[in-house]
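Topology and contacts: notes
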Amino acid sequence: AEKLLRRMSDYLASLQKFTVSTENTIEAVLTSGQKLQFHGPAAASVWRPNRLRADRKGDILNQEFFYDGKNMTLFNPKENLYATAAAPPTIDAMLDFAREKLDVIAPGAEFLYSNAAERMLKETTSGFVVGPSAVAGVKSTHLAFRGTEVDWQIWIEDGARPLPRKFILTSKKGTGEPQFTVLIRNWDVAPKLTDKEF
């Protein structure tokens with residue numbers, strides 16, 4: 001399982017540019033124990049080493065995020081509010097800065113790091129290959145991992161493009177063990193991006 005995950009990580013790190021669109025579902029557990037799911041499509045554009053844009057629209061969030069290698073900006077169109085901050089010069093350093101200094105945490109952001117597997121395996125205690133699967137018609141291999149606070153599953157596309165196709169985080173600390181699910185709809189590994197987009 002670790003070998004397949006590292007192969008995916010190395011492939012993602014080799015992509016100088018890519019765009020991805022996802023369908024995300026986050027669970028909330030009520031005090032009664034009942035679970036509710038909230039939907040939120042998202043799209044991201046990455047241009048290594050220092051350009052990132054992410055757009056999230058859904059039941060809970062409506063945000064646009066921009067990073068141009070110098071500044072990071074979060075914009076909420078509905079409220080017409082934005083916040084901006086000076087940021088480190090690489091995507092990896094910016095994501096660490098956002099998490100550690102600003103408490104901005106984006107589930108699934110591990111895929112944006114140049115060393116995704118290292119990040120994902122950091123708190124992992126075990127993992128195994130579940131078996132072959134298909135995600136939205138794409139032949140994939142299903143992997144499952146356990147951690148101290150989070151269990152997670154990932155489906156990786158078979159063949160020459162080992163791209164992640166589905167990702168589930170299960171919080172073991174939260175009451176009712178809520179899940180965050182990312183279903184990856186589209187990958188473009190050779191997009192035409194311009195500085196204007198960031």
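Look up a bit, the structure's there.
Glancing now at the overall build of the chain. In terms of helices and strands, the chain carries three helices and eleven strands. Helices (α) and strands (β) of the chain occur, in sequence order from the N terminus, as α-β-β-β-β-β-β-α-α-β-β-β-β-β. Seen through its C-alpha atoms, the chain measures out along the principal axes to roughly 45 × 40 × 30 Å. Looking at the chain as a whole, 40% of its 198 residues qualify as buried. Relative to all contacts within the chain whose residues are 6 or more apart in sequence, the contacts with residues 24 or more apart total 42%. As displayed, the chain offers around 11,000 Å² of accessible surface, 53% of which is attributable to carbon and sulfur atoms.

This part is about the side chain of threonine 124. Turning to its location among the elements, threonine 124 is positioned in strand E7 (residues 124-135). A polar side-chain atom of threonine 124 sits 2.8 Å from the main-chain carbonyl oxygen of methionine 120. In this structure threonine 124 touches Phe145, Arg146, Gly147 and Trp152, once residues within four positions along its chain are discounted.

A cis amide bond links arginine 48 with the next residue in sequence, proline 49, at an omega value of 10°. Within the fold, proline 49 resides in the loop between strand E2 (35-47) and strand E3 (51-57). Phi is positive for asparagine 80, close to 55°, though the residue is something other than glycine. Mapped onto the fold, asparagine 80 is located in the loop between strand E5 (71-76) and strand E6 (81-86). Here asparagine 80 falls in the exposed class, since its relative accessible area comes to 61%.

Reading guide: rules and limits
Residues numbered from 1 in each chain as written. Predicted model: local features only at pLDDT ≥ 70, side-chain atom pairs only at ≥ 80, totals over all residues. Heavy atoms only, no water. Helix = DSSP H or I, 4+ residues; strand = E, 2+ residues; numbered from the N terminus. Buried < 20%, exposed > 50% of the residue type's maximum accessible area, 1.4 Å probe, protein only. Contact = heavy atoms within 4.5 Å. Areas by Shrake-Rupley, 256 points an atom, 1.4 Å probe, with all protein chains shown as cover. Polar contact = N/O pair within 3.5 Å; in protein donor to acceptor, adjacent residues only side chain to side chain.

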